[in-house]
Amino acid sequence: MILNRNVLRVRSRALQSGTSRCTSSTTHPSPDGPIIHIPQSSIFPLGVNNKSGPLFRDVSWTVQPNDAWVVLSATSSGAKTSLLQALTGHLRIHPPPPPPYGLFPFLKNRDPHEHVSLVSFAHRPQGAGGAFYDYTARYGAVREEDKRTLRDTFFPETAKPLHELAIPDMYTRPEDTTQLHADRAREQHRRELFEDLAAKLDLQRFLDLPMIALSNGQTRKARIVKALLEQPELLLLDEPLTGLDVQTRGLVLSLLHSLHAKNAPHIVLGMRPQDPIPDWTTHLALIRRDGTVHTGQKEEVLDAAATTQLHAGWSPQAPTDSGPSETGTAVVTLAGVSVAYGERKVLKHIHWSIHENSRWHLQGVNGAGKTTLLAMVTGEHPQSYTQSSKLTLFSRPRAQWPTAHLHARIGRVSPEMHNAFPRRRGMSVWDAVGTGFEGTFVARGRARVGFGEDGAPLAEGGDAERARVRRMWDVLRALGPATWRGAPTSEDAAREAQEFARRPFADLAPGEQSVVLLMRALVGRPPLVLLDEAWAGMDEGMVKAARAYLREGGLQDGQACVVVSHWEEEVPWSKEDGVRRFRLDDGEGYIE
Ligand SMILES: Nc1ncnc2c1ncn2[C@@H]1O[C@H](COP(=O)(O)OP(=O)(O)OP(=O)(O)O)[C@@H](O)[C@H]1O
């Protein structure tokens, strides 16, 4: 599931050998020697010789014990992740860091596999195998097999009462007793550390909830606690703020700052160009477009980068000349919709109308109920049936719609969808985009653009099939690879769209997959488009192309759009463009 699959670790567990190591309350002794040392080197994929081009060139990077480093990429978020992976042995550094202590001088001869961890939040884990899995399971009654709690899954040892921990008995030999006492002290320490971290990230109230019931942000916080609990000496955190609300981002950053200040552990952060760089960080490693890496004091690197387009994709946009004007009928009306799981009330009497042409930013802290609310709107939530009289979708009560017909009317992108989308061999980009006409997960029809609304195959070469094929090319050209690099010629856009359309979806980089799923959401021009964390993994060029397309013609003909994001800058429209906010707060909904 979501949990461990993208926890990239040098080693799954680095148990401490004594209580003095890496605690949240003890300052780690300042090590002698740098933490990381890469002399002027190039970095290659494993198994590739030096004649092939390196991924990174001229990397001179030395991290001293009290430095707080951020790794940023001016190109793709994948490049940043790769540079961090070079530190965990997933890439080859040439010439290699010099002996006697190599890449991590501070470890001396200790095994990096035991003391260095990389935890990546940058890319979403992918669904297992090629099949689609049912991500809507969490909206229903939790089944017996899904009842494993957050505590059971991530922190099982904290469920044991202390008296069950190693206790010397009367038959134990004295030397064993010493060992058992040490074990017990260690367990006790780990438990205290866990309590401390869980309190600081406000995680306690979720510990005994079923894992499946946790929101994205709640799960991510748990993964941060889990990573810290393993007590590595060097922790590489790739995009730890992804999917976290403003308040939680503050909690996470202040916790990381306090740990880093004590060198327990040393922390290197991978961040996106649009993330605010924390004040307490001192140094930057900036991956440039040409594959060189500029390392140095934060201000110096930022000054040098000011002339590049580091933040280009995120600069505020001028309002469009004619912002969408909210007109016509309501596409969706919620008239007092509530959702509860037993005693737990997640949505309380929500009133909200989404009209044709409207643009909304759905806001709320982690766990506020945004995903749940959208699952009611898409009809995926079982409680959407029981509340049918309060939930009008496309002018009919929800219960009058077969769910499959709703899928064709709602284009959507979400973390759940991204995780669950099938990566089966044989599904090309064309096929994946083509599933958008019906909102399914299997490409159908001769031209792989779906069946007709009546459920029958489209007539071969008929108007409907040709119109869909034309629309496919429009979207593939408008959002395809040539546009990610800036204004392309129409020949470039067409040629690259053709090559892109043939590529296997499963082989694409995560950012490219995000673009394809956005194309899929838009291709059928559905009356309602829901974009939940739509930009995840995309590099700057992709984000820029996608935002420009959404603002300039990607949506029309009365289409309504709801964007879910914890970052105001990620919404393609400004207030002047007419975007409105719907905020969830403690289960209540407010229009701002
Ligand atoms: N089956 C369930 N049983 C109990 N509680 C549940 C269940 N499903 C969801 N919840 C709770 O409902 C709340 C809302 O979850 P939801 O995923 O809608 O939040 P969200 O606003 O989308 O959060 P995030 O920004 O972190 O993605 C959470 O506190 C979650 O723990």
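Worth saying up front: this structure is predicted, and the values here are computed from it rather than measured. Sequence order as written defines the numbering, with residues in each chain counted from 1. Two thresholds apply to this predicted model, a pLDDT of at least 70 for residue-level local features and 80 or more for giving and counting side-chain atom pairs, whereas whole-chain, interface and lining totals are computed over all residues. Derived side-chain values reflect all non-hydrogen atoms in the structure, with water molecules and hydrogen atoms excluded from consideration.

**Let's talk about the sheet that holds strand β4 (residues 91-94)**
Two strands pair under a simple rule: DSSP has to find at least two bridges between them. By definition, any uninterrupted DSSP run of H or I lasting at least four residues is a helix, any uninterrupted run of E lasting at least two residues is a strand, and each is numbered from the N terminus. The three strands lie next to each other as β2-β1-β4, forming an open sheet whose pairing is antiparallel. Two strands bound the open sheet, and with one partner strand each, they are β2 (56-63) and β4. The average angle at which neighbouring strand axes cross in this sheet is 45 degrees, direction not considered. Pairing geometry for strand β1 (residues 36-45) and β4, over four bridges, is antiparallel. Residue pairing across strands places serine 42 opposite histidine 94, the latter belonging to β4. Structural elements are reduced to axes, namely lines fitted to C-alpha atoms, with helices fitted over the stretch in contact, and the angle between N-to-C directions of any two is expressed from 0 to 180 degrees.

**So, the site of the ligand**
Around the ligand, a shell composed of 20 residues is seen, among which Ser215, Gly217, Lys370, Thr371 and Thr372 lie nearest. Serine 215 has a polar side-chain atom sitting 2.7 Å from an oxygen atom of the ligand. At 3.1 Å, a side-chain N or O of glutamine 218 approaches an oxygen atom of the ligand. Within the residue set of the shell around the ligand, elements represented by two or more residues are α6 (216-229), β11 (344-355) and α9 (370-377). Here the residues of the shell around the ligand sort into seven nonpolar, 10 polar and three charged. Residues from two domains meet in the shell around the ligand; each of domain 1 (2-11 + 29-127 + 149-310) and domain 2 (330-591) gives at least three. Think of it this way: one heavy atom of a residue within 4 Å of a molecule or strand is enough to make that residue near it. In protein, a polar contact means a hydrogen-donor-capable atom and an acceptor-capable atom, both N or O and within 3.5 Å, with residues adjacent in sequence counting only if both atoms are side-chain atoms; elsewhere, any N or O pair within 3.5 Å suffices. Classes in brief: Ala, Val, Leu, Ile, Met, Phe, Trp, Tyr, Cys and Pro nonpolar; Asp, Glu, Lys and Arg charged; the others, Gly included, polar. How far each domain reaches was decided by an automatic or database domain assignment.

**Examining the confidence of the model for the protein chain**
Taken residue by residue, the protein chain gives an average pLDDT of 82. The fraction at 70 or more is 83%. Per residue, pLDDT measures the predictor's confidence, with a range of 0 to 100. Residues are treated as being in contact if the distance between any of their heavy atoms lies within 4.5 Å. Confidence drops under a pLDDT of 50 for residues 1-29, and excluding neighbours within four residues, the segment shows 76 contacts in the predicted structure. Overall, residues 311-316 carries pLDDT values under 50, and its contacts beyond four positions in sequence, including any with other chains, amount to 16 contacts.

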